[in-house]
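# Coordinates in review
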Amino acid sequence: MVVKKIGDKVIRLVMGDITDLEVAAFVYDITADAKLGSGYGSAITTRGGKVVQEELDAIGSCPTGEAITTTAGKLKAGRIIHVNGPKFHEPGTEDKLRQTTVAALQLAEKNGITQLAFPPVGTGLYQVPLAVCARVMIDTVAEHLANNSSVEEVIFVALDTREFEPLAAVLQGGA
Amino acid sequence: MSTEVESYKIQKMVELLAPKLTRQVVGSLVGCVHCGMCHETCHYVMTHPDDPKMTPSYKADQLRKLFKRHYDWTGRVFPGWVGAKPPTRDVDLDELKDIAFGTCTNCRRCTFNCPMGVDTATLNRIMRGLLTQVGVMPEGVRVVSKDTWELGNQMGVLKEDYVETLEWLSEELVMELDDERATIPIDKVGANIVYTINPREVKYDPRTISEAALIFYAAAEDWTMPSWGWDQTNFGLFSGDDAMGAASYRHLQEKNAELGSQRLVISECGHGYRSTRCEGPNWSKTDQDFVMESSVMTMLRYIKEGRIVVDKTKNSDPVTFHDSCNNARSCGFYEEPRELLKLVCTDFQEMYPNRTENYCCTGGGGAMSMSEYTPRRLVSAKVKADQIAETGAKVVVTSCHNCVDGLGDLIRHYKLDCQVKQLVHLVANALVLEECAISKIPKEKPVPEPVPEPVQEPVVIPVEIPADRVKIADALSGRRILIVEDEEDTRIFLATLLQDAGAVTLEAVDGDEAIATARAEKPDLITLDLSMPGKDGVEAFIEIRNDPDIRDIPVCIVTGHPEFRKVIYDRPVRPPEGYMDKPVIEEDLVANLRRILETSRAEGS
Ligand code: SF4
Ligand code: SF4
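Residues numbered from 1 in each chain as written. Chains lettered and ligands numbered in written order. Predicted model: local features only at pLDDT ≥ 70, side-chain atom pairs only at ≥ 80, totals over all residues. Heavy atoms only, no water.

This part covers the pattern of salt bridges. Scanning the entire structure with this criterion turns up 61 salt bridges over all chains. Across the salt bridge formed by Arg 162 of chain A and Glu 163 of chain A, the nearest N and O atoms sit 3.5 Å from each other. Take Arg 162 of chain A and Glu 163 of chain A: they sit in the same class, and that class is buried. We note a salt bridge from Glu 258 of chain B to Lys 255 of chain B, for which the minimum N-O separation is 3.0 Å. A residue pair is termed a helical-turn pair when its members lie 3 or 4 positions apart in one helix, as Glu 258 of chain B and Lys 255 of chain B do in helix α13 (residues 242–258) at 3 residues. For Glu 258 of chain B, a relative accessible area of 54% corresponds to the exposed category. A residue is classified by how much of its surface remains accessible, and Lys 255 of chain B, at 7% relative accessible area, is buried. Ionic contacts of the salt-bridge type, sharing partners, join the residues Arg 200, Asp 205, Arg 207, Glu 211, Asp 405 and Asp 588 of chain B into one network. (Salt bridge = Lys/Arg side-chain N within 4 Å of Asp/Glu carboxyl O. Buried < 20%, exposed > 50% of the residue type's maximum accessible area, 1.4 Å probe, protein only. Helix = DSSP H or I, 4+ residues; strand = E, 2+ residues; numbered from the N terminus.)

Set out below in structure tokens:
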């Protein structure tokens, strides 16, 4: 685990499956149609139950850069914040990633959530390079936490060492 | 970059092409003289002789046009000279997708028949990679890729489900052999062998895991299965995404190092073998400091070293061998399976052509996951079907899980009288356990159980069970199973089989009746045929899954038709807990249903 302090706030980096984490809320990178789909989406459905998708269906959509929230069914987490991060080399990737990260933090604050876990949003299938994601997301989170956020702890959750290393490099590099 | 490109995605594709332009790739891009010599070697051309769009050169020309217009100086300056009219608009992307994913299985047969050394399959894979990078791909490719990236395996198997299935298989084997040494070890540090599998095995065909475990047991091998990094397949090979290929390979490599093993064994899978053994270290740009081998080599070594003893007369049906394209053409791996096959069966005959000239099973290149192209795939499968029929074999053996599915589909579609098996099945079946290495190691004396106080013996009424039914009897004791099947003979056969295994059966003849009976009776499990009159089985399945009252009832699809792959790969709803091909093998069906009943869980449980 890597830890970085921002005043009295903290950013942690851990390795594991974000959908299996005991945390106040975690972030899921969803598509605009608010369908959970496969990958972490199917883990949410299988472990958490159909309720998450039902709540999403009632909301209907999640435009790029925005965030919506649902309960987490039977998952260990308290809530899920669904964001629609940049996908497939779309224009303005870095700005959208910044906007998405802030949207998740603001929605957490609005819901009184003080502990929030993030995956590396936009990477993997969606093609944002890990190094870019690590730099943009950690910068954005650090800046947000330093500015009177009610979120006290942000946890970055890497699936494997491939994801862990660039996130750790930015955190340890004092970005 | 050209300003005439209207599509942002195509502009991106042109940019993303640059780092892929290695010397070999450029050689293939500029080397084609359109001589047509490769055309007749492609199964799509052979089955669509009047369609010029099926020719290998036409498929590769799609990438060639992008290259010539944007990178090659002649095309940039005089596009008309080189016929470089590349795609420019978003609407062109759909056609590119259909060509790259729907008209080529990347089998490389044309590559082997090009006098200029043009590797059309590599060019097609690059086109796939460019398309997936900008988000243009068949739904099945998107679903499977996301699973691979986020859950570490291409069928979205959760860690707890994987481990639970292995533990269940392990208990079964220990019980069957009455020997604790038959346990399937998970994450054993320092084992000689780390055994990795195709997710299809743990999800739908766990028999192959039990058979491999039996062989490791017989050889008295010190082996283990990893709890992570166990998926030796690699969807990056199919989608063209090298980064995903590297990520998947690293999971195996890192877990193998963590377990301190020197030898990673890859279960029988053509693209898994190629991706892990041949491509993985390149994609991930890492050194390889351990041995990787196909389980075919492992089994062959055990026989040669006398660690396992086999009796080939136990496999006496006429057998032929299908070379997986990835094994044969991309890895030069075709003699060892034949050597092994001849040791474990009595009647082997080649199909022609074979080895590097063999025809694709038509399920390669990720084709099984792209249900929209199934009709065209099955037409192109005629070449393979004829090739198999000519051998007169009753069993087609192949060392590839994809080929098992591809061949299974074409055997049903063309109504061939044969079945598909893998070498692991033949080897396990031919084992003479009492002469294998394990029989020479004395079992540790079990600690005697304390003798219980004598109790009143219950009255047991002896029931005569034929020897071959002993394993089946009572396996499904008391379970209520709904059989959905329109053909009366098959329905009666299934009902008798499941009742013999102790189940209470309910029956439905079509989709509507299935849903009504499931709602009214809430059975423990449903076996569902997909081709029925009235409501189509796929529709019925989706309706069952969308009904909150019955969606958690496990479903095993028992089908003779390939359309069920849509519900496995496109996943409009949670996929079925199991599927079985027709005709069903009695013992396999009962074992599979038992596994489903004992290991599947309701959503959110
Ligand atoms: S790929 Fe080779 S064989 Fe095929 S048309 Fe081109 S040069 Fe001829
Ligand atoms: S790689 Fe195989 S399927 Fe693709 S064009 Fe060549 S022969 Fe045909």
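Below, the discussion takes up the interface of chain B and chain A. At the interface, 34 residues of chain B touch 30 residues of chain A. Among the residues chain B hides against chain A, the three largest losses belong to Lys 146, Trp 149 and Glu 150 of chain B. Together they make up 23% of the total. Where chain B packs against chain A, one counts 3 salt bridges. Across the pair Arg 47 of chain A and Glu 160 of chain B runs a salt bridge, and its minimum N-O distance is 2.7 Å. (Contact = heavy atoms within 4.5 Å. Buried area = accessible area lost by both parts, 1.4 Å probe.)

This brings us to the sheet that holds strand β5 (residues 319–322) of chain B. Residues and elements named next belong to chain B. Strand order in the open sheet made by the 3 strands is β5-β6-β7, with parallel pairing throughout. Two strands close off the open sheet at either side, each with one partner strand: β5 and β7 (419–421). Looking at each pair of strands side by side, their axes are set apart by 35° on average, direction ignored. In terms of strand pairing, strand β6 (residues 395–398) meets β7 through 3 bridges, oriented parallel. Bridged to Val 397 within β7 is Lys 421. (Pairing = 2+ DSSP bridges. Axes fitted to C-alpha atoms, helices over the stretch in contact; angles between N-to-C directions.)

With respect to spatial proximity, the complete set of residues near ligand 1 consists of Cys 32, Val 33, His 34, Cys 35, Gly 36, Met 37, Cys 38, Ser 57, Cys 114, Pro 115, Met 116 and Val 118 of chain B. Residue composition of the shell around ligand 1, by class: 9 nonpolar, 3 polar and no charged. (Near = heavy atom within 4 Å. Nonpolar A, V, L, I, M, F, W, Y, C, P; charged D, E, K, R; others polar.)

A full pass over the atoms with the stated rule returns 0 disulfides over all chains. Its sulfur unpaired, Cys 325 of chain B is 4.0 Å from the next cysteine sulfur, which belongs to Cys 360 of chain B. (Disulfide = S-S within 2.5 Å.)

Before going further, it helps to examine the site of ligand 2. Residues and elements named next belong to chain B. As a structural note, the neighbourhood of ligand 2 is formed by Cys 42, His 43, Tyr 44, Pro 56, Lys 59, Cys 104, Thr 105, Asn 106, Cys 107, Arg 108, Cys 110 and Ala 121. Residue assignment for the shell around ligand 2 shows that the elements contributing at least two residues are α3 (43–47) and α4 (56–70). Of the residues in the shell around ligand 2, the class split is 7 nonpolar, 3 polar and 2 charged.

Residue and element names in this part refer to chain B. Most of helix α15 (residues 295–304) sits out of view: 7 of its 10 residues are buried. Within α15 the residues assigned to the buried category are Ser 295, Val 296, Thr 298, Met 299, Leu 300, Tyr 302 and Ile 303. Residues of α15 that are buried make contact with β1 (193–196), α11 (207–218), β3 (263–266), β4 (291–294), α17 (335–344) and α21 (423–430). Phi turns positive, to about 75°, at Gly 306, one or two residues after α15.

Turning to helix α2 (residues 51–59) of chain A, a few remarks are in order. All names here are of chain A. Of all the residues in α2, the buried ones are Val 52, Gln 53 and Leu 56. All buried residues of α2 project into a common sector of 90° when viewed along the axis, lining one side. Packed against the buried residues of α2 are α1 (40–48), β4 (67–71) and β5 (79–83). Positioned one or two residues after α2, Gly 60 has a phi angle of 100°, which is positive. (Arc of directions from axis to C-beta.)

Another aspect to go through is the packing of helix α6 (residues 90–102) of chain B against helix α7 (residues 120–133) of chain B. All names here are of chain B. Running from N to C, α6 and α7 point in directions that differ by 135°, and their axes come no closer than 9 Å. Here α6 is positioned oblique relative to α7, judged by the angle of their axes. At the point where α6 passes α7, the crossing takes the left-handed sense. Note on element contacts: α7 touches α6 through Asn 124, Met 127, Arg 128, Leu 131 and Thr 132, opposite Leu 93, Leu 96, Lys 97, Ile 99, Ala 100 and Phe 101. Considered class by class, the residues forming the contact of α6 with α7 number 7 nonpolar, 2 polar and 2 charged. (Parallel < 35°, antiparallel > 145°, perpendicular 65-115°, else oblique. Left-handed = near helix turned anticlockwise from the far one by under 90°.)

Here we take up the pairing of β5 of chain B. Residues and elements named next belong to chain B. The alternating pattern of β5 places Val 319 and Phe 321 and Thr 320 and His 322 on opposite faces, both of which are buried. Two elements, β5 and β6, share 4 bridges in a ladder whose sense is parallel. Across the sheet, the residue bridging to His 322 is Thr 398, located in β6.

Time to look at a nonpolar patch on the surface. Among the surface-exposed residues, Trp 73, Val 77 and Phe 78 of chain B lie close enough to one another that they form a single nonpolar patch of about 320 Å² accessible area. Its location among the elements puts Val 77 of chain B in helix α5 (residues 73–77). (Patch = residues over 30% accessible without salt bridge, like charges linked within 9 Å, V, L, I, M, F, W, Y side chains within 5 Å. Areas by Shrake-Rupley, 256 points an atom, 1.4 Å probe, with all protein chains shown as cover.)

Turning next to the domain arrangement of chain B. Residue and element names in this part refer to chain B. As far as domains go, chain B holds domain 1 (8–137), domain 2 (147–435) and domain 3 (467–604). Put simply, the middle of domain 1 and the middle of domain 2, counted by C-alpha atoms, are 31 Å apart. On the side of domain 2, 29 residues touch domain 1, which itself brings 23 residues to the contact. Taking both sides of the interface into account, the surface hidden between domain 1 and domain 2 amounts to around 2,200 Å²; carbon and sulfur atoms contribute 54%. The tally of links from domain 1 across to domain 2 stands at 2 salt bridges. Note that Arg 125 is salt-bridged to Asp 242, the shortest N-O span being 2.7 Å. Among the elements of the structure, α3, α6 and α7 are those that each provide at least two residues to the side of domain 1 that touches domain 2. Residues belonging to the side of domain 1 that touches domain 2 are distributed by class as follows: 6 nonpolar, 10 polar and 7 charged. (Domains from an automatic or database assignment.)

This part takes up unusual backbone geometry. Residue and element names in this part refer to chain B. Pro 353 follows Tyr 352 through a cis peptide bond whose omega is -10°. Among the structural elements, Pro 353 can be located in the loop between α17 and α18 (374–380). Phi is positive for Lys 415, which is not a glycine, with a value near 50°. On the secondary structure map, Lys 415 appears in the loop between α20 (401–413) and β7.

So, on to the side chain of Thr 123 of chain A. Residues and elements named next belong to chain A. Turning to its location among the elements, Thr 123 is positioned in the loop between β6 (115–118) and α4 (130–145). Relative accessible area serves as the criterion here: at 10%, Thr 123 is assigned to the buried category. At a separation of 2.8 Å, a polar atom in the side chain of Thr 123 contacts the main-chain carbonyl oxygen of Pro 120. With near-sequence residues (within four places) excluded, Thr 123 lies in contact with Val 128, Pro 129, Leu 130, Cys 133 and Glu 163. (Polar contact = N/O pair within 3.5 Å; in protein donor to acceptor, adjacent residues only side chain to side chain.)

Before going further, it helps to spend a moment on the environment of Ile 411 of chain B. Residues and elements named next belong to chain B. For Ile 411, the location among the structural elements is in helix α20. Sequence separation of Ile 411 and Ala 381 is 30 residues, and the distance between their C-alpha atoms is 9.3 Å. Residue contacts for Ile 411: discarding those within four places in its chain leaves Val 396, Leu 416, Cys 418, Gln 419 and Val 420.

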